[in-house]
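Chain by chain, the residues:
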Amino acid sequence: QVQLHESGPGLVKPSETLSLTCTVSGDSISTHFWSWIRQPAGKGLEWIGRVYNIGRSTNYNPSLKSRVTMSIDTSKNQFSLNLSSVTAADTAVYFCARGRGSSLFDYWGQGTLVTVSS
Amino acid sequence: QSALTQSASVSGSPGQSITISCTGTSSDVGHYNYVSWYQHHPGKAPKVMIYDVSNRPSGVSNRFSGSKSGNTASLTISGLQAEDEADYYCSSYTNSTTVVFGGGTKLTVL
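Values in this document were obtained by computation on a predicted structure and should not be read as measured data. (Residues numbered from 1 in each chain as written. Chains lettered and ligands numbered in written order. Predicted model: local features only at pLDDT ≥ 70, side-chain atom pairs only at ≥ 80, totals over all residues. Heavy atoms only, no water.)

### A few points about the overall build of chain B
Across its full length, chain B carries 0 helices and 10 strands. Mapped from its N terminus to its C terminus, chain B presents α and β elements in the order β-β-β-β-β-β-β-β-β-β. For 110 residues, the compact-globule estimate of 2.2 N^0.38 gives 13 Å, and the C-alpha radius of gyration of chain B, at 13 Å, lies within 12% of that figure. Every one of the 110 residues in chain B was classed for burial, and the buried ones make up 46%. Restricting to contacts in chain B with at least 6 residues of sequence separation, those with at least 24 account for 57%. (Helix = DSSP H or I, 4+ residues; strand = E, 2+ residues; numbered from the N terminus. Rg over C-alpha atoms; globule rule 2.2 N^0.38 Å. Buried < 20%, exposed > 50% of the residue type's maximum accessible area, 1.4 Å probe, protein only. Contact = heavy atoms within 4.5 Å.)

Here's what the structure looks like:
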């Protein structure tokens, strides 16, 4: 059974960096690709980006690309998200998900709420 | 990239069929057969119902089906049940090697 679990601070100050980690169990982080997706309150899902172990390659949402960094830690079977210079607009539930193929996300974490506020 | 366009809401009575549409462009929905549909009950993890336009993952009811014509993909739910009430999102691969979601459609079972 593949399981994903997000962890990280629930409160981040404006202009600081949001950092989240997704721990994967039941599958190797070395296979598939791994994504972060967020949902602001009352709004729809927004794809943030994905990371592959092969070549540590990444793809990011163009609207967030200048502020996003994703990485993989194979020793811990985890992948992470850093989003810099956050504002209130970055307040959202953040999900991590396993990707297969080109746009299929077949396993998701339960999501973690991150609030940007001073 | 712009979000795919979905109607904000749709409703139907138990036993009826409904269709949710998802309109993109020739750079995403119209270019690739990589459209997925997700069911999301608030507070829970989204669940994939359809992938690659019309494929159903193991365990998903055959009441759910997907199709595509041009730049528009569709999700049809037949034999509506109360448990189908949820938000539904489409997603598509794009020619920028990114993924874009639709704005979501709220399904109400009357």
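### What about the overall build of chain A?
Counting its secondary structure elements, chain A contains 0 helices and 11 strands. Its helices and strands in sequence order give chain A the pattern β-β-β-β-β-β-β-β-β-β-β, from N to C terminus. Taken against the 2.2 N^0.38 rule, which gives 13 Å for 118 residues, the C-alpha radius of gyration of chain A at 13 Å falls within 12% of a compact globule. For chain A, the C-alpha atoms occupy an extent of roughly 40 × 25 × 25 Å along the three principal directions. Residues classed as buried in chain A amount to 49% of the 118 residues present. Here the contacts in chain A between residues at least 6 apart in sequence split such that 53% fall between residues at least 24 apart. Put simply, chain A shows about 5200 Å² of open surface, and 49% of that area lies on carbon and sulfur atoms. (Areas by Shrake-Rupley, 256 points an atom, 1.4 Å probe, with all protein chains shown as cover.)

### Concerning the packing of aromatic side chains
Geometrically, a pair of aromatic rings is defined through the distance of the ring centres and the angle of the planes. Tallied over the full model, the rule gives 14 aromatic pairs over all chains. Here the aromatic rings of Phe105 of chain A and Tyr38 of chain B are separated by 6.2 Å at their centres, their planes lie at 35 degrees, and the arrangement is tilted. Of the two residues, Phe105 of chain A is situated in strand 10 (residues 104-108) and Tyr38 of chain B in strand 4 (residues 35-40); the pairing between them involves two chains. Judged by relative accessible area, which is 0%, Phe105 of chain A ranks as buried. (Phe/Tyr/Trp six-rings, centres within 6.5 Å; stacked < 30°, edge-to-face > 60°.)

### Topic: unusual backbone geometry
Notably, Ser15 of chain A is not glycine yet its phi reads approximately 80 degrees, a positive angle. The residue Val53 of chain B is not glycine, and still its phi comes out positive at about 75 degrees. With respect to the secondary-structure elements, Val53 of chain B resides in the loop between strand 5 (47-50) and strand 6 (64-69).

### Let's talk about the side chain of Asp87 of chain B
Among the secondary structure elements, Asp87 of chain B is positioned in strand 8 (residues 86-93). No salt bridge forms around the buried Asp87 of chain B; measuring N to O, its nearest opposite-charge neighbour Lys106 of chain B is 4.4 Å away. (Lys, Arg positive; Asp, Glu negative; His and termini not counted. Salt bridge = Lys/Arg side-chain N within 4 Å of Asp/Glu carboxyl O.)

### Overview of the state of the cysteines
Where two cysteines share a covalent bond between their sulfur atoms, that bond is called a disulfide. Scanning the model with the defined rule gives 2 disulfides over all chains in all. The residue that forms a disulfide with Cys22 of chain A is Cys96 of chain A, at a sulfur-sulfur distance of 2.1 Å. In this structure, the disulfide formed by Cys22 of chain A and Cys96 of chain A twists by about 60 degrees around the S-S bond and is classed as right-handed. Here Cys96 of chain A lies in strand 9 (residues 92-100) and Cys22 of chain A lies in strand 3 (residues 18-25), a separation of 74 residues in the sequence. A single burial state applies to Cys22 of chain A and to Cys96 of chain A, both of which are buried. A sulfur-sulfur distance of 2.1 Å marks the disulfide that ties Cys22 of chain B to Cys90 of chain B. Here the S-S torsion is close to 80 degrees, and the disulfide linking Cys22 of chain B with Cys90 of chain B is therefore right-handed. (Disulfide = S-S within 2.5 Å.)

### Here's the deal with the nonpolar core
Judged by nonpolar contacts, the single largest core of 26 residues is most densely connected at Leu18, Trp36, Phe79, Leu81 and Tyr94 of chain A. Of all the secondary-structure elements, those providing two or more residues to this core are strand 3, strand 4 (33-39), strand 5 (46-52), strand 7 (68-73), strand 8 (78-83), strand 9 and strand 11 (112-116) of chain A. Among the elements that line this core, the one with the most residues is strand 3 of chain A, at 4 residues. Within the second largest apolar cluster, 23 residues are counted, among which are Trp37, Phe64, Tyr88 and Val100 of chain B. (Core = buried A, V, L, I, M, F, W, Y, C linked by side-chain atoms within 4.5 Å.)

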